[in-house]
Amino acid sequence: MEHRSMNVPSRSYAAFACALLIAGATSATPLPQWQTPWLLPFDLNHPQYPANPDDYTTPSASQQDTYEFAWQSFIALNWPWKQGGPGGQPDPSQQLAGIANNTAPHPIVVWESYMEPEKAFTPAKYWPIDWGNPEFLGLQREPSPPCYSNSYVYGKPFAPGINQPYTNANVPTGPLVDQNKEFVRVEVKLSQSYFQYIKQFKYFDADNQVVAVDNYIDYANKHNAAPKPAHGPHDDSSNFQPLPTGLEFYLRDLPLYARQGITEIKAAWKVLKTAGPDADIPGRYFRRVLQFPLPDGSLSKPTLMGLIGFHIHRVTPFGHLPSTFEHVDNVRLEKRLHDPLPLPAHPALNPGTESRYGASASPNYPNGYEVGGKTGEAGLIPSPFKQGDTLPAKAEIKQVNVSRETPIPFDVQIANKKYQWLLRNSVWSYYQLIGTQNKNLQVPNSTLGPGIPGAQHSNTENLVNTTLETYTQKGFSCSRCHLNAFPHGVTVYPPYEERFEDLHVMSFLLLNARSGREENPTTGCAMP
């Protein structure tokens with residue numbers, strides 16, 4: 001990824017930052033002040049579900065508004081889940097997780113109660129399935145890793161949950177290893193509106209997707225325009241239907257807290273070292289006891305883990321709104337104002353300023369990573385694990401040292417300072433927005449958003465989470481990866497024309513569907 005120079009702060013930004021600190025210093029309220037912080041905002045500058053969804057237009061918005069939207073989405077997704085309720089139901093009577101420097105896991109939050117993709121794409125033979133009420137073993141759970149295809153043509157399929165995603169749903173890069181020689185783990189969840197979309201059009205069956213895509217392409221080629229989506233239960237839905245934005249007829253019976261466009265989550269976790277040299281400071285992390293899958297098919301022992309990376313992909317009437325968050329201690333240490341907890345001995349993903357790459361606040365490795373003390377060479381990235389592999393002995397594992405290749409833009413940092421201060425009594429103050437990717441609001445393009453190469457269509461060409469895209473930090477972004485995401489049936493890359501826009505779904509999850517013609521399909525993590 002190319003280095004992006006940080007903007008010089010304008011006087012207005014500087015004045016805003018000063019005003020923010022002064023205002024925050026006199027305020028005793030730790031939570032954001034909008035009316036319902038436990039509800040996902042519906043759209044940019046429109047937090048509530050519209051009174052008339054058939055006559056709704058996204059309000060005008062600035063790039064700064066996308067950062068506000070991302071932070072407000074982050075807070076709602078991490079609001080405590082209503083225990084015993086349906087997946088995704090927030091509990092307005094609860095508060096965000098506080099700061100306590102102990103090893104107790106936090107209450108389950110909204111996104112953790114979302115559905116696993118492998119359940120949403122249960123083979124057609126076993127449908128119908130319901131959204132339902134998730135069950136947890138106390139504050140312990142099993143994460144839902146991204147799946148890889150069992151028909152991978154180069155040997156055994158890849159192991160889920162330990163490898164990093166890459167520019168294809170089915171070809172990962174190798175795993176990330178922290179400073180304690182522990183593998184970072186990854187999981188994926190999807191919202192109720194996504195599930196309702198899959199259910200409504202029977203896209204849990206890959207064959208239905210193929211037929212719908214064929215119909216869509218035939219119509220687009222014949223009429224030189226996209227087919228109109230279904231606006232009611234009796235409308236023609238034989239063409240592939242676009243991902244829901246929140247306005248669709250089939251979402252209107254969902255509870256208000258679930259009545260938005262699709263949300264998908266990708267989360268990264270690290271093992272928390274609670275004793276001995278270089279122990280983590282557990283109070284700085286959102287904590288969960290997880291039993292994660294091992295490449296050999298077994299489950300790990302229950303392990304205390306801390307959240308370190310968080311991708312959000314939302315779709316609203318504005319368009320695709322991906323954003324990404326990280327823990328503040330991932331690659332550099334910085335003591336914030338009124339921080340009640342000490343800093344750790346070094347960042348989670350590098351040894352700190354004792355690096356030979358300089359004495360700045362954090363190391364700066366060529367390409368953003370160093371493996372086994374080497375960098376800038378071919379063949380350094382750890383090999384991905386395949387199903388059936390056994391983990392190496394800890395002494396054989398090489399640490400991966402990570403730095404941030406592209407600085408966090410100044411306007412994003414301003415938003416971070418604002419929300420970290422508002423959340424100063426919550427563990428979520430130890431997290432930061434890295435950026436958002438959306439259609440360019442300075443040179444607007446009304447029909448095509450991220451997924452189109454070039455700054456004229458997207459607000460940035462560089463947006464990377466160091467925990468989820470460690471090895472692809474140059475020339476990489478959310479859309480650069482997800483522009484390869486299509487439903488089943490797309491066999492030739494569609495051109496970037498308005499008539500094919502609905503096929504550019506920017507979500508790999510539809511590929512979890514399997515053919516309904518399978519006689520004895522297995523459930524779980526197995527794509528066709």
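Remember, predicted model here, so these are calculated numbers, not experimental data.

Undergrad: Explain the overall build of the chain here, please?
TA: Each helix and strand in the chain was counted, giving seven helices and nine strands. Per-residue burial for the chain yields a buried fraction of 59% across its 528 residues. Sequence-distant contacts, at least 24 apart, represent 71% of the contacts inside the chain between residues at least 6 apart. Here the chain has roughly 21800 Å² of accessible surface; of this, 52% comes from carbon and sulfur atoms.

Undergrad: Even after reading the chapter, I still don't get the side chain of Asn350, so can you show me in this structure?
TA: Secondary-structure assignment places Asn350 in the loop between β6 (319-327) and β7 (369-371). According to the relative accessible area criterion, Asn350 is buried, its value standing at 0%. Within polar-contact distance, the side chain of Asn350 engages the backbone oxygen of Val331 at 2.8 Å. Side-chain polar atoms of Asn350 contact the backbone nitrogen of Gly352, separated by 2.8 Å. Discounting chain neighbours no more than four positions away, the residues touching Asn350 are Gln179, Asn330, Val331, Pro363, Tyr365, Asn401 and Val402.

Undergrad: Hey, could you run me through helix α6 (residues 410-422) in this one?
TA: The periodicity of an α-helix, 3.6 residues per turn, causes residues three or four places apart in sequence to face the same way. Over its 13 residues, α6 extends 19 Å from the first C-alpha to the last, a length consistent with the 18 Å expected when each residue adds 1.5 Å. With respect to burial, α6 is a largely interior element, ten of its 13 residues being buried. Buried within α6 we find Phe410, Asp411, Val412, Ile414, Ala415, Asn416, Tyr419, Gln420, Trp421 and Leu422.

Undergrad: Would you explain the side chain of Asn239 in this entry?
TA: Counting through the fold element by element, Asn239 comes out in the loop between α5 (206-223) and β3 (263-271). Residue contacts for Asn239: discarding those within four places in its chain leaves Tyr203, Ala212, Asn215, Tyr216, Tyr219 and Pro227.

Undergrad: How should the packing of helix α2 (residues 63-77) against α6 be read in this particular structure?
TA: Helix packing geometry: the angle between the two helix axes and the distance between the axes. Across the interface, α2 lies against α6 with an axial gap of 10 Å and an inter-helix angle of 40 degrees. Relative to α6, the element α2 is oriented oblique. In terms of crossing hand, the pair formed by α2 and α6 is right-handed. Where α2 abuts α6, its residues Gln64, Tyr67, Glu68, Trp71, Gln72 and Ile75 lie against Asp411, Val412, Ile414, Ala415, Asn416, Lys418 and Tyr419. When its residues are assigned to classes, the contact of α2 with α6 shows seven nonpolar, three polar and three charged.

Undergrad: Please explain the environment of Ser458 as it appears in this structure.
TA: Secondary-structure assignment places Ser458 in the loop between β9 (431-436) and α7 (478-482). Taking the C-alpha atoms as reference points, Ser458 and Gln437, separated by 21 residues in sequence, lie 6.7 Å from one another. With residues up to four places along the chain from it excluded, the contact list for Ser458 reads Gln437, Asn438 and Asn440.

Undergrad: What am I meant to see in unusual backbone geometry here?
TA: When glycine is set aside, most residues are seen to have a negative phi, and most peptide bonds are trans. The omega torsion across Trp127 and Pro128 is 5 degrees, close enough to zero to call that bond cis. Checked against the element boundaries, Pro128 lands in the loop between α3 (117-120) and β1 (140-141).

Undergrad: What is the right way to read the pattern of salt bridges from this model?
TA: Any two side chains of opposite charge can pair, given that their charged atoms come close. Inspection of every chain in the model, using the stated rule, returns 15 salt bridges. Here Lys418 makes a salt bridge to Glu68, at a shortest N to O gap of 3.0 Å. With Lys418 in helix α6 and Glu68 in helix α2, the pair connects residues that are 350 residues apart, well separated along the chain. Judged by relative accessible area, which is 18%, Glu68 ranks as buried. We note a salt bridge from Glu187 to Arg141, for which the minimum N-O separation is 2.6 Å. Of this pair, Glu187 sits in strand β2 (residues 185-190) while Arg141 sits in strand β1; the two residues are 46 residues apart in sequence, bridging distant segments of the chain.

Undergrad: Looking at this model, I keep getting lost on the confidence of the model for the chain. Mind explaining?
TA: One rule of thumb: low pLDDT means the predicted coordinates there are not for detailed reading. Residues with a pLDDT of 70 or more make up 86% of the chain, whose mean pLDDT is 86. A low-confidence stretch, residues 1-33 (pLDDT under 50), is modelled with 54 contacts involving residues beyond four sequence positions or located in other chains. Overall, residues 355-360 carries pLDDT values under 50, and its contacts beyond four positions in sequence, including any with other chains, amount to twelve contacts.

Undergrad: How should I be thinking about the nonpolar core in this particular structure?
TA: A general feature of soluble globular proteins is that nonpolar side chains tend to end up buried together. Ranked by internal contacts, the top residues of the largest apolar core, which has 109 residues, are Trp111, Leu190, Tyr197, Phe240, Phe310 and Trp428. Setting aside anything within four residues of it in sequence, one finds Phe240 in contact with Tyr197, Tyr203, Ala212, Val213, Tyr216, Pro487, Asp502, Leu503, Val505 and Leu510. Counting six residues, the second largest nonpolar core, distinct from the first, contains Val464, Phe476, Ala485 and Phe508.

Undergrad: Explanation requested: helix α4 (residues 192-200) in the structure shown.
TA: Buried residues dominate α4, accounting for seven of its nine residues. Gln192, Ser193, Tyr194, Phe195, Gln196, Tyr197 and Ile198 are the residues of α4 that are buried. In this fold, the buried residues of α4 make contact with α3, β2 and β3.

Calculation criteria
- Residues numbered from 1 in each chain as written.
- Predicted model: local features only at pLDDT ≥ 70, side-chain atom pairs only at ≥ 80, totals over all residues.
- Heavy atoms only, no water.
- Helix = DSSP H or I, 4+ residues; strand = E, 2+ residues; numbered from the N terminus.
- Buried < 20%, exposed > 50% of the residue type's maximum accessible area, 1.4 Å probe, protein only.
- Contact = heavy atoms within 4.5 Å.
- Areas by Shrake-Rupley, 256 points an atom, 1.4 Å probe, with all protein chains shown as cover.
- Polar contact = N/O pair within 3.5 Å; in protein donor to acceptor, adjacent residues only side chain to side chain.
- Expected span 1.5 Å × (residues − 1).
- Axes fitted to C-alpha atoms, helices over the stretch in contact; angles between N-to-C directions.
- Parallel < 35°, antiparallel > 145°, perpendicular 65-115°, else oblique.
- Left-handed = near helix turned anticlockwise from the far one by under 90°.
- Nonpolar A, V, L, I, M, F, W, Y, C, P; charged D, E, K, R; others polar.
- Salt bridge = Lys/Arg side-chain N within 4 Å of Asp/Glu carboxyl O.
- pLDDT = per-residue confidence, 0-100.
- Core = buried A, V, L, I, M, F, W, Y, C linked by side-chain atoms within 4.5 Å.

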